[in-house]
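Structural description and commentary
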Amino acid sequence: MLAAAPGEAVPTMADVPALTKAAIVRRIDVPASAIHILTAKPSSKMPGFVVCGRIDGAPGEGGENAPEAERFFVIIPGDFAILDQDGKSLVDTYWSENHCE
């Protein structure tokens, strides 16, 4: 008889902030404190959650050379993260499709 091994627990809404920050930190070197979730909700198109937010520029830097905030879109589970640096129009599409902002 074949039996499937139990997998990881299905993430809950309570898990979303930590999983989102982990997905972003894996993509770019940024402190977790710079990651701000604007929208986190169950996905209407797939199992799991969608998360939209912004990553602050480097703290302590000001003036016209200060980095701009970067938007992101994350799918949980899967830790699929898209950033503005991947293409602003791509992030625009995901934000629009998921009613972010």
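Look above for the structure.
This section reports on the structure supplied with the text. The structure displayed is predicted, hence computed values, not measured ones.

So, how was this worked out
Residues numbered from 1 in each chain as written. Predicted model: local features only at pLDDT ≥ 70, side-chain atom pairs only at ≥ 80, totals over all residues. Heavy atoms only, no water. Phe/Tyr/Trp six-rings, centres within 6.5 Å; stacked < 30°, edge-to-face > 60°. Helix = DSSP H or I, 4+ residues; strand = E, 2+ residues; numbered from the N terminus. Buried < 20%, exposed > 50% of the residue type's maximum accessible area, 1.4 Å probe, protein only. Lys NZ or Arg CZ within 6 Å of the ring centre and 35° of its normal. Core = buried A, V, L, I, M, F, W, Y, C linked by side-chain atoms within 4.5 Å. Contact = heavy atoms within 4.5 Å. Salt bridge = Lys/Arg side-chain N within 4 Å of Asp/Glu carboxyl O.

**Topic: the packing of aromatic side chains**
Under the defined criterion, the tally for this structure stands at 2 aromatic pairs. Plain terms: the ring middles of Phe 80 and Tyr 94 are 6.4 Å apart, the flat faces sit at 65° to each other, and that makes the pair edge-to-face. Here Phe 80, found in strand β4 (residues 80-83), pairs with Tyr 94, found in helix α2 (residues 88-97); they are 14 residues apart in sequence, far enough to count as distant. By relative accessible area, which is 38% here, Phe 80 ends up partly exposed. Among the aromatic side chains, those forming a connected cluster through ring pairs are Phe 73, Phe 80 and Tyr 94. Residue placement shows Arg 71 over the ring face of Trp 95; its charged tip is 5.2 Å from the ring centre.

**Quick notes on the nonpolar core**
Ile 24, Val 30, Ile 55, Phe 72 and Val 74 are the most contacted members of the largest nonpolar core, which totals 15 residues. If sequence neighbours within four positions are ignored, Ile 24 has contacts with Val 30, Ile 35, Ile 55, Phe 72, Val 74, Ala 81 and Leu 83. Counting 8 residues, the second-largest nonpolar core is a separate cluster that includes Phe 73, Ile 82, Val 91 and Trp 95.

**Focus on the pattern of salt bridges**
Pairing is possible between side chains that carry opposite charge, provided their charged atoms lie close to one another. Counted by the stated rule, this structure contains 5 salt bridges. Residue Lys 45 is joined to Glu 97 by a salt bridge in which the shortest nitrogen-to-oxygen separation is 3.1 Å. Of this pair, Lys 45 sits in the loop between β1 (35-42) and β2 (49-55) while Glu 97 sits in helix α2; the two residues are 52 residues apart in sequence, bridging distant segments of the chain. For Glu 97, a relative accessible area of 43% translates into the label partly exposed. The partner of Asp 92 in a salt bridge is Arg 71, with the nearest N and O atoms 2.7 Å apart. Of this pair, Asp 92 sits in helix α2 while Arg 71 sits in strand β3 (residues 70-76), and the two are 21 residues apart along the sequence. The exposure class assigned to Arg 71 is buried, which follows from its relative accessible area of 12%. Each of the salt bridges in this network shares a partner with another, and the network as a whole consists of Arg 71, Asp 84, Lys 88 and Asp 92.

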